[in-house]
Amino acid sequence: MKKYIFLIAVLISASVAFAQRSAEARGILDKAYGAYENSKGIKMSFNLATTDESGAEYPAQKGVAFIKGNKFKIEMPTLNTWFDGKTQWVLMKDFNEVNISNPSGEEIASISPLALLGMYKSGYTLKQPVTKTVNGKSAFVIDMIPTASRSEFKDISVAIDKKSHTILQVGLTMKNGMKNNIDVLDYNANYNFPDSDFVFDKDKYPKAEIIDLR
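What comes next is a walk through the structure. (Residues numbered from 1 in each chain as written. Predicted model: local features only at pLDDT ≥ 70, side-chain atom pairs only at ≥ 80, totals over all residues. Heavy atoms only, no water.)

1. Quick word on the packing of aromatic side chains
Applying the stated criterion across every chain, the model contains 7 aromatic pairs. On the basis of an interplanar angle of 20° and a centroid distance of 5.4 Å, the ring pair of phenylalanine 200 and tyrosine 205 is categorised as stacked. Taking the relative accessible area as the measure of exposure, phenylalanine 200 reaches 10% and is therefore buried. Looking at tyrosine 205, the relative accessible area reads 26%, which means it is partly exposed. An aromatic cluster is present here, built from Phe66, Tyr191, Phe193 and Phe198 joined pairwise through their rings. (Phe/Tyr/Trp six-rings, centres within 6.5 Å; stacked < 30°, edge-to-face > 60°. Buried < 20%, exposed > 50% of the residue type's maximum accessible area, 1.4 Å probe, protein only.)

2. Examining the pairing of strand E8 (residues 130-134)
In this structure, E8 lies alongside strand E9 (residues 137-146), joined through 5 bridges in antiparallel fashion. The residue bridging lysine 132 from the neighbouring strand is alanine 139, located in E9. The antiparallel pairing of E8 with E9 creates a hairpin that spans 2 residues between the two strands, and asparagine 135 there sits at a positive phi of about 50°. (Pairing = 2+ DSSP bridges. Helix = DSSP H or I, 4+ residues; strand = E, 2+ residues; numbered from the N terminus.)

3. A short note on the pattern of salt bridges
Tallying each qualifying case throughout the model produces 3 salt bridges. Put simply, lysine 73 and glutamate 75 hold a salt bridge, and the shortest N to O gap is 3.1 Å. Residue class for lysine 73 comes out buried when judged on its relative accessible area of 18%. Among the ionic pairs, aspartate 212 bridges to arginine 214, the shortest N-O distance being 2.6 Å. Using a relative accessible area of 44% as the deciding quantity, one classes aspartate 212 as partly exposed. (Salt bridge = Lys/Arg side-chain N within 4 Å of Asp/Glu carboxyl O.)

4. A closer look at the nonpolar core
In terms of nonpolar packing, the biggest core is built from 31 residues, with Met44, Phe46, Leu126, Met144, Ile156, Ile160 and Ile167 touching the most fellow members. Looking at which element gives the most residues to this core, the answer is helix H1 (residues 2-37), with 6 residues. If you look at the next biggest cluster of nonpolar residues, it comprises 7 residues, including Trp82, Leu91, Ile100 and Ala208. (Core = buried A, V, L, I, M, F, W, Y, C linked by side-chain atoms within 4.5 Å.)

5. Description of the side chain of asparagine 99
Looking at the secondary structure, you find asparagine 99 in strand E6 (residues 97-101). Judged by its relative accessible area of 17%, asparagine 99 is buried. Apart from residues no more than four positions distant in its own chain, asparagine 99 is found in contact with Gln88, Trp89, Val90, Met92, Ile211 and Leu213. (Contact = heavy atoms within 4.5 Å.)

6. Topic: the pairing of strand E5 (residues 88-92)
Counting buried residues in E5 gives 4 out of 5 residues, a clear majority hidden from the surface. Across 5 bridges, strand E4 (residues 79-83) lies against E5 in antiparallel orientation. By the bridge assignment for E5, threonine 81 is matched with valine 90. Between E4 and the antiparallel strand that follows it, E5, lie 4 residues; glycine 85 among them carries a positive phi value of about 105°. Looking at chain direction, E5 and E6 are connected through 5 bridges and run antiparallel. Considered in E6, the bridge of leucine 91 is made with valine 98.

Have a look at this one:
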């Protein structure tokens, strides 16, 4: 009986300690999520580095993201993406082809900062924040581990600027071993974008082939 009482005491102590760490991480992410959610428009430039499951590194790509709530537009050298909160349009420039889809939450989280941050609210275990210097700034780094075995992610690491509560870096590790690392190079929350900016305008791309995958 003493053995079982000791084990239960250890489990309770561990649970309390974990809850405190989780609460600290959640508080930091709450502030970051609020900073994004309350802005009328955010423009950020970023650098995306990808490593495949065999460890091979792809050439890094720079891009610009325009964000308003759960809507976004992302411009990159090889593709442009629009998302109006429900429908996503992806223009693949090399093929002059546009794919239309209604992506899942995890698919959107791969490229949308607001959707990514929102995922911490359920379905993820939050590890204790670690203080590190990221891109020359003091940051809280929080690892998010999915609790569902069906999740496409193995691990998500988010670096939050201690002063501005904005994202400095995101690391995404997929179940297949592929890794994406996103460094935010510039951030400006002083925009007010019309909703039309987040919808693909086919009149601007009259020769593009439209493929509806919905």
